[in-house]
Amino acid sequence: MKPAKIVRAFYNDDDVLLSAVKTIKENKYHIEEVYTPFHVHGLEKVLGLEPTRIAIASFIYGCIGFAVSILMMNYIMIADWPQDIGGKPSFSYIENMPSFVPIMFELTVFFAAHLMVITFYLRSKMWPFKTAENPDPRTTDDHFLIEISVSEVTGKLKKILKDSGAVEINIIDSKEH
Amino acid sequence: MGSHYEAPIRKPLVIGEKSYHDISVDIARPIEGRANKQWWIVFSIALAMFLWGAGCIIYTISTGIGVWGLNKTVGWAWDITNFVWWIGIGHAGTLISAVLLLFRQKWRMGINRSAEAMTIFSVMQAGLFPVIHMGRPWLGYWMVPIPNAFGSLWVNFNSPLLWDVFAISTYLSVSLVFWWTGLLPDFAMIRDRAVKPFQKKIYSILSFGWTGRAKDWQRFEEVSLVLAGLATPLVLSVHTIVSYDFATSVIPGWHTTIFPPYFVAGAIFSGFAMVQTLLIVMRKVCNFQEYITVQHIELMNIVIMITGSIVGVAYMTELFIAWYSGVEYEQYAFLNRATGPYAFAYWTMMTCNVFSPQLMWFKRLRTSIMFSFFISIVVNIGMWFERFVIIVTSLHRDYLPSSWTMFSPTFVDISIFMGTIGFFFVLFLLYARTFPVIAQAEIKTILKTSGGKYKRLRDSGKSLTGTGADKRTSVINKLNK
């Protein structure tokens, strides 16, 4: 059955938030999302989020950049238009490599950094003219929001949230969401 | 919470009774308020300088490089001096945000945003000079590795000048992306506070729809860390490659292997001095004394002192190696620097860069705001002269004594340099009015560890749990219920 209600519990302290997340999880409620104004250390651990693989992606992008730089300079300097400057002929990539190292490095960094950031923006759905999806403007100031989806709101859930230190609880239909 | 522990001996990085909400309010204040008279005065002066400089650039391009003071012997002078000076200044931003992030230096959070802004703006100024010096800037795309329309000629990947093109464009674009990614949560904070629809619209576009989900923050932290790891060798590579422009040539005084580390240290030295100049003014004007504290200034002074000492050692090494090499040309180049017609530039450089930072050994001096400001200006003058000394004194004594000459700048040389200073300040002043100039989301993460209020609470044995609440926002809660 599709959850019919979304409960939004607001907190105004990061330590309270962490213990609240623990309590809610212990009581087997499903936390849909947590919105915070800053990075709360340890939150992804108590939420049980998988580690992000974006650093691995960046490493792969860096390898691509490294390969692109070698292919590009090999084609331009060795294959397409070899020159003999001052008795130093450019007929072999490996022998001429020392002067190609700076650009091999720069392009590795260029690819690794930019493609990683683009990946981050797309995976987290961020681009110019994108409308923000945080349900309450206070979550970028000093409030922390836990979103829980349930089929019906029980008094037990309300009590758990209240005891965990929530300062405000809003209930909405998930259709509105 | 144990995770918020910090040794009591460490001084607070955010002083006063700041709560999370206070940080939002304080950082948003300069953006939400109106510019005062002083801002308009300084902005007008900067804009006038910029426009005058722009006019001189147009004059240079339409008439030719002959309007500068260059001659057959001294073919590089103020243009490249200014270029290296601006690039050097542009090193502190990434150093603060990347290297200090890797070293987990929390004090960087008060200053990294403005330092990065300064980096981007100064690299933009630096980039102008090679473009103008081309004489025909509309052919600038010839530096890009694309097949040439006039035959199958390519750019030369053996040339340090081309390495520079790649290094600087990578540096500028990566710094920009690093800066902007860090800005997203702060733009989102401004967006969510904005009352006027126009402001809200602008800041929603700028914030790219930042939402602040737990997963976003997890990725944000990882991206910041990886970017810092990438930017650290990058920032070192940029000035290394700039130094190759000189070090790979066979001009006495340029052809030295010490150049890369020497240039990088000098760049950090001048960059920190410029950060110091800007932030000492900004903390006062924007009322950020509680976020950019005397401790921040002191730590920056220590970096200035250390890098200044490295630069001093490099100067001495150069002299020693010139003597030790036994090469007459090399020996003459250095003797001529210290005693020749440009001795004034050499001794200005020595005084400003080697002597003045040593005063920072005195705690009284390095914690004095006025003195720090003064030294930061002195250091930047010194670092400009360093580049002038390296470039002009090495060139003006050619191998043929009949070619020996002097360089004197024309009004166009001077105006273009002044113009870039104006342009830099135009950008920085606009930034200070429209951007969150302190990384507020990052400051909030260290508030419970390093905030004055929380340090006191912890030291008196109280728990920090639940202390994030702010009276003002809690009142709103009750009204909404």
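Everything here concerns the structure above.
All of these numbers come straight from a predicted model, not from anything done at the bench.

**Q** Account for the overall build of chain A, with residues named and values stated.
**A** Each helix and strand counted, chain A has six helices and six strands in total. N-terminal to C-terminal, the α/β element order of chain A is β-α-β-α-α-β-β-α-α-β-α-β. Whereas a compact globule of 177 residues would reach a radius of gyration of roughly 16 Å, chain A reaches 26 Å, over 25% beyond that. Taken along its principal axes, the extent of the C-alpha atoms in chain A is 85 × 30 × 30 Å.

**Q** I'd like a rundown of the side chain of B:Gln440, residues and numbers included.
**A** Residues and elements named next belong to chain B. Secondary-structure assignment places Gln440 in helix H16 (residues 440-450). The buried category is assigned to Gln440, whose relative accessible area is 0%. Only 2.8 Å separates the side chain of Gln440 from the side chain of Lys444, close enough to count as a polar contact.

**Q** So, the environment of A:Met77: which residues are in play, and what are the values?
**A** Checked against the element boundaries, A:Met77 lands in helix H3 (residues 54-80). According to the relative accessible area criterion, A:Met77 is buried, its value standing at 3%. Aside from chain neighbours lying at most four places away, what touches A:Met77 is A:Pro82, A:Ser90, A:Phe100, B:Val155, B:Asn156, B:Phe157 and B:Asn158.

**Q** Summarise the interface of chain A and chain B; cite the residues concerned and give the values.
**A** If you look at the interface, chain A gives 68 residues, while chain B gives 69 residues. Roughly 6200 Å² of surface becomes buried between chain A and chain B when both sides are summed, with 64% attributable to carbon and sulfur atoms. When the area that chain A buries against chain B is broken down by residue, the three leading residues are A:Asp15, A:Phe38 and A:Glu106, summing to 9%. Across the contact surface, chain A and chain B share four salt bridges. Here A:Asp14 ties to B:Lys448 by a salt bridge, and the two come within 3.0 Å at their closest N and O atoms. For the interface between chain A and chain B, the tally reads 29 residue pairs in polar contact (both at pLDDT 80 or more). The set of elements that each furnish at least two residues to the side of chain A that touches chain B consists of helix H1 (14-26), strand S2 (30-35), helix H2 (43-47), H3 and helix H5 (101-123) of chain A. The element that contributes the greatest number of residues to the side of chain A that touches chain B is H5(A), accounting for 15 residues. Its residues assigned to classes, the side of chain A that touches chain B shows 39 nonpolar, 13 polar and 16 charged.

**Q** Go over the sheet that holds strand S6 (residues 168-173) of chain A, please, and point to the residues and values.
**A** Residues and elements named next belong to chain A. In spatial order, the strands read S2-S5-S1-S6; together these four strands make up an open sheet with antiparallel pairing. In this open sheet, the two edge strands, each paired with only one partner strand, are S2 and S6. This sheet shows a mean twist of 20 degrees between the axes of neighbouring strands, independent of strand direction. Pairing geometry for strand S1 (residues 5-11) and strand S5 (residues 144-150), over seven bridges, is antiparallel. When the sheet's bridge partners are listed, Phe10 is paired in S5 with Leu145.

**Q** How would you summarise the packing of aromatic side chains if you had to cite specific residues and measurements?
**A** Remark: the centre distance and the inter-plane angle together describe each pair of aromatic rings, the angle taken between the planes. All names here are of chain A. Counting across every chain of the model gives 60 aromatic pairs over all chains. Where Phe38 meets Phe144, the ring centres are 5.6 Å apart and the plane angle is 85 degrees; that geometry is what we call edge-to-face. Of this pair, Phe38 sits in the loop between S2 and H2 while Phe144 sits in strand S5; the two residues are 106 residues apart in sequence, bridging distant segments of the chain. Just as Phe38 is buried, Phe144 falls in that class too. Lying over the aromatic face of Trp127, Lys130 brings its terminal NZ or CZ to 5.9 Å of the ring centre.

**Q** Run through the side chain of B:Asp413, naming residues and quoting values.
**A** Along the chain, B:Asp413 turns up in helix H15 (residues 411-434). Here B:Asp413 sits buried without a salt bridge, and the closest side chain of opposite charge, B:Arg387, lies 17 Å off (N-O distance).

**Q** Explain the pairing of S5(A) to me, and be specific about the residues and the numbers.
**A** All names here are of chain A. The buried fraction of S5 amounts to seven of the seven residues, a majority that puts the element mostly inside the structure. Of the two faces of S5, both are covered, the one formed by Phe144, Ile146, Ile148 and Val150 as well as the one formed by Leu145, Glu147 and Ser149. Where S2 and S5 come together, five bridges link them in antiparallel fashion. Within the sheet, the bridge partner assigned to Ile31 lies in S5 and is Ile148.

**Q** Can you tell me about the pattern of salt bridges, naming the residues and giving the values?
**A** Residue and element names in this part refer to chain A. This structure, assessed with the given rule, holds 25 salt bridges over all chains. The partner of Lys5 in a salt bridge is Asp173, with the nearest N and O atoms 2.6 Å apart. Within this pair, whereas Lys5 is found in strand S1, its partner Asp173 is found in strand S6, the two being separated by 168 residues in sequence. Classification of Lys5 by relative accessible area gives partly exposed; the value is 27%.

**Q** I'd love a proper account of the nonpolar core, names of residues and values included.
**A** Counting 189 residues, the largest nonpolar core has A:Tyr11, A:Ile146, B:Trp86, B:Phe157, B:Phe272 and B:Tyr431 as its most contacted members. The element contributing the most residues to this core is helix H6 (residues 160-193) of chain B, with 17 residues. The residues touching B:Phe157, leaving out its near neighbours within four places in the chain, are A:Met72, A:Met73, A:Ile76, A:Met77, A:Ser99, A:Phe100, A:Ile103, B:Pro145, B:Leu162, B:Trp163 and B:Phe166.

**Q** Outline unusual backbone geometry, listing residues and values.
**A** Of note in the backbone geometry, A:Lys125 takes a positive phi value of approximately 55 degrees without being a glycine. With respect to the helices and strands, the residue A:Lys125 is situated in the loop between H5 and S5. Positive phi values are uncommon outside glycine, yet B:Asn287 reaches one of about 60 degrees. Turning to its location among the elements, B:Asn287 is positioned in the loop between helix H9 (259-285) and helix H10 (294-325). Classification of B:Asn287 by relative accessible area gives partly exposed; the value is 47%.

**Q** Outline the packing of H16(B) against helix H17 (residues 452-459) of chain B, listing residues and values.
**A** All names here are of chain B. Orientation of H16 relative to H17, taken along the N-to-C sense of each, is 35 degrees, at an axis distance of 6 Å. Of the residues in H17, those in contact with Leu447, Lys448, Thr449 and Ser450 of H16 are Gly452, Tyr454, Lys455 and Arg458. For the contact of H16 with H17, the per-class residue count stands at two nonpolar, three polar and three charged.

**Q** Kindly report on H6(B), identifying the contributing residues and their values.
**A** Residues and elements named next belong to chain B. For H6, spanning 34 residues, the distance from its first C-alpha to its last is 48 Å, which sits close to the expected 50 Å at 1.5 Å a residue. The largest bend along H6 measures about 40 degrees and falls at Leu184, with the proline Pro185 one to four residues further on. Between a side-chain oxygen at the N-terminus of H6 and the backbone nitrogen of Leu161 the separation is 3.1 Å; the capping residue is Ser159.

**Q** Please give an account of a nonpolar patch on the surface that cites residues and values.
**A** All names here are of chain A. Taken together, the side chains of Ile56, Phe59, Ile60, Ile64 and Val68 make up a nonpolar region of the molecular surface, amounting to roughly 470 Å² of accessible area. By the element assignment, Ile64 lies in helix H3. Ile64 sits in the partly exposed class, given a relative accessible area of 39%.

Cut-off values and rules
- Residues numbered from 1 in each chain as written.
- Chains lettered and ligands numbered in written order.
- Predicted model: local features only at pLDDT ≥ 70, side-chain atom pairs only at ≥ 80, totals over all residues.
- Heavy atoms only, no water.
- Helix = DSSP H or I, 4+ residues; strand = E, 2+ residues; numbered from the N terminus.
- Rg over C-alpha atoms; globule rule 2.2 N^0.38 Å.
- Buried < 20%, exposed > 50% of the residue type's maximum accessible area, 1.4 Å probe, protein only.
- Polar contact = N/O pair within 3.5 Å; in protein donor to acceptor, adjacent residues only side chain to side chain.
- Contact = heavy atoms within 4.5 Å.
- Buried area = accessible area lost by both parts, 1.4 Å probe.
- Salt bridge = Lys/Arg side-chain N within 4 Å of Asp/Glu carboxyl O.
- Nonpolar A, V, L, I, M, F, W, Y, C, P; charged D, E, K, R; others polar.
- Pairing = 2+ DSSP bridges.
- Axes fitted to C-alpha atoms, helices over the stretch in contact; angles between N-to-C directions.
- Phe/Tyr/Trp six-rings, centres within 6.5 Å; stacked < 30°, edge-to-face > 60°.
- Lys NZ or Arg CZ within 6 Å of the ring centre and 35° of its normal.
- Lys, Arg positive; Asp, Glu negative; His and termini not counted.
- Core = buried A, V, L, I, M, F, W, Y, C linked by side-chain atoms within 4.5 Å.
- Expected span 1.5 Å × (residues − 1).
- Bend = angle between axes of the 7 residues up to and from the residue.
- Patch = residues over 30% accessible without salt bridge, like charges linked within 9 Å, V, L, I, M, F, W, Y side chains within 5 Å.
- Areas by Shrake-Rupley, 256 points an atom, 1.4 Å probe, with all protein chains shown as cover.

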